[in-house]
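Spelled out, the chains give:
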Amino acid sequence: MTAIKNEDFQGEAQGLPILNYDNVIDKEVEVGLGPLHTQFDNKGNAYTTLFIDSQVTKWNLETGKVVDKVEVAYSPGHLTAVEGDTANPGGQWLVSLNKIAKDQYLSVGPSHPESMDLIDISGEEMEVVANAPSQPEPHYSQIISADKINTTEVKAKDEDRKNSIWSTEDAHIEREGDVVHVYGVALRSRFVFDAESDTPDVVNVREGDTVKFHITNIDRDEDITHGFGINGYNENFEIQPGDTRTLTIEADKAGNFPIYCTNFCSALHQEMTGYLMVEPN
Ligand SMILES: [Cu+2]
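For the structure given in this document, a descriptive report is provided here. (Residues numbered from 1 in each chain as written. Predicted model: local features only at pLDDT ≥ 70, side-chain atom pairs only at ≥ 80, totals over all residues.)

### Things to note about the overall build of the protein
So, point 1. Along its length, the protein carries one helix and 20 strands.
So, point 2. For the protein, the C-alpha radius of gyration of 29 Å lies well beyond 19 Å, the compact-globule estimate for 281 residues.
So, point 3. Counting only C-alpha atoms and orienting by the principal axes, one finds that the protein spans roughly 80 × 50 × 40 Å.
So, point 4. Pairs at least 24 residues apart make up 52% of the contacts formed inside the protein by residues separated by at least 6 positions. (Helix = DSSP H or I, 4+ residues; strand = E, 2+ residues; numbered from the N terminus. Rg over C-alpha atoms; globule rule 2.2 N^0.38 Å. Contact = placed C-beta atoms within 7 Å.)

Here is the structure:
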């Protein structure tokens, strides 16, 4: 492809420049019916989905000739190859993101799941090695090398973080007028809201109070996430290992409301409970 030159322009329409097609075309490739999206490998080939033909076609960028085609099920839109739209494509795998599953799976109603085909593109010929259902309208996904993913394993133990406490002995409840602050911890397998309280822990408030639960997950192991749900108040959130989160509720319903860990953290996670007691006015 060469740079666009002045003589390539052949006028304008509604303020937009018009390019002369024959001057700027590199090549035309007869890939098949309904070409939609294209990805690349590391050997100079492109892969284009064919919506109407229900195929993925492989063609050579240099020659513009089709090298291979495979059937997919059915009507692919987007496709994604390993880093297949970057300057350094991987060239191992490609996933065809199909729009229509039709007869692929057991019918679950008028709307069926969509489907994906996993295609090995490492050889000269493509090979479909797996098919799986997917959520409707698969679009613009990316496959990237796993060594590029660096996740946070646990949140750093930040002694200065506001509202965090790091041991069960520091758990306590403070009242400021009609606002009640609960400085608590979650650990396998209990909540501690108040170091002085018995098990299960109880938070006593009055109807009309605002209650702020500041809960720190002091289990600092990867993937030990705790949940925090309050029955009757329709609240539920997660606390990642080492993190502190605050839940604010208006205690506008009197009664006794169980609090429980809603994220499996050990075989005793259902024992991980407490109570919010709201005394009526
Ligand atoms: Cu838990």
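### Here's the deal with the sheet that holds strand 20 (residues 273-279)
Consider a sheet: its strands pair through backbone hydrogen bonds, and that pairing is either parallel or antiparallel.
So, point 1. The sheet built from five strands is open, its strands ordered 14-20-19-16-17 with mixed pairing. Where the open sheet ends on each side, the last strands, each with one partner, are strand 14 (201-206) and strand 17 (235-239). Across the sheet, the axes of successive neighbouring strands diverge by a mean angle of 20 degrees, strand direction being ignored.
So, point 2. Bridging between strand 14 and strand 20 involves six bridges; their strand directions are parallel. Considered in strand 20, the bridge of V202 is made with Y275. (Pairing = 2+ DSSP bridges. Axes fitted to C-alpha atoms, helices over the stretch in contact; angles between N-to-C directions.)

### Considerations on the environment of T273
So, point 1. Structurally, T273 is set in strand 20.
So, point 2. On a C-alpha basis, the gap between T273 and E125 in space is 58 Å, while along the polypeptide they are 148 residues apart.
So, point 3. Ignoring anything within four residues of it in the chain, the contact list for T273 reads P200, P258, I259 and Y260.

### Observations concerning the sheet that holds strand 3 (residues 35-40)
So, point 1. The strand order across the open sheet formed by four strands is 3-4-5-6, and the pairing between neighbours is antiparallel. The sheet is open, and its two borders are formed by strand 3 and strand 6 (66-71), each paired with just one other strand. Each strand of the sheet is rotated relative to its neighbour by a mean of 20 degrees, with strand direction disregarded.
So, point 2. When strand 3 meets strand 4 (residues 45-50), the two strands line up antiparallel, connected through four bridges. Pairing of Q39 across the sheet is with Y47, part of strand 4.

### Some thoughts on the nonpolar core
So, point 1. Ranked by internal contacts, the top residues of the largest apolar core, which has 28 residues, are V182, V185, A186, F193 and V203.
So, point 2. Elements supplying a minimum of two residues to this core: strand 12 (179-187), strand 13 (190-192), strand 14, strand 15 (210-217), strand 16 (226-230), strand 19 (255-260) and strand 20.
So, point 3. With four residues, the single largest contributor to this core is strand 12.
So, point 4. Filtering out sequence-adjacent residues up to four positions away, V203 remains in contact with I173, V182, F193, V211, L276 and M277.
So, point 5. In terms of nonpolar packing, the next biggest core, distinct from the first, is built from 19 residues, Y47, A81, V82 and I119 among them. (Core = buried A, V, L, I, M, F, W, Y, C linked by C-beta atoms within 7 Å. Buried ≥ 20, exposed ≤ 12 C-beta atoms within 10 Å, placed from the backbone.)

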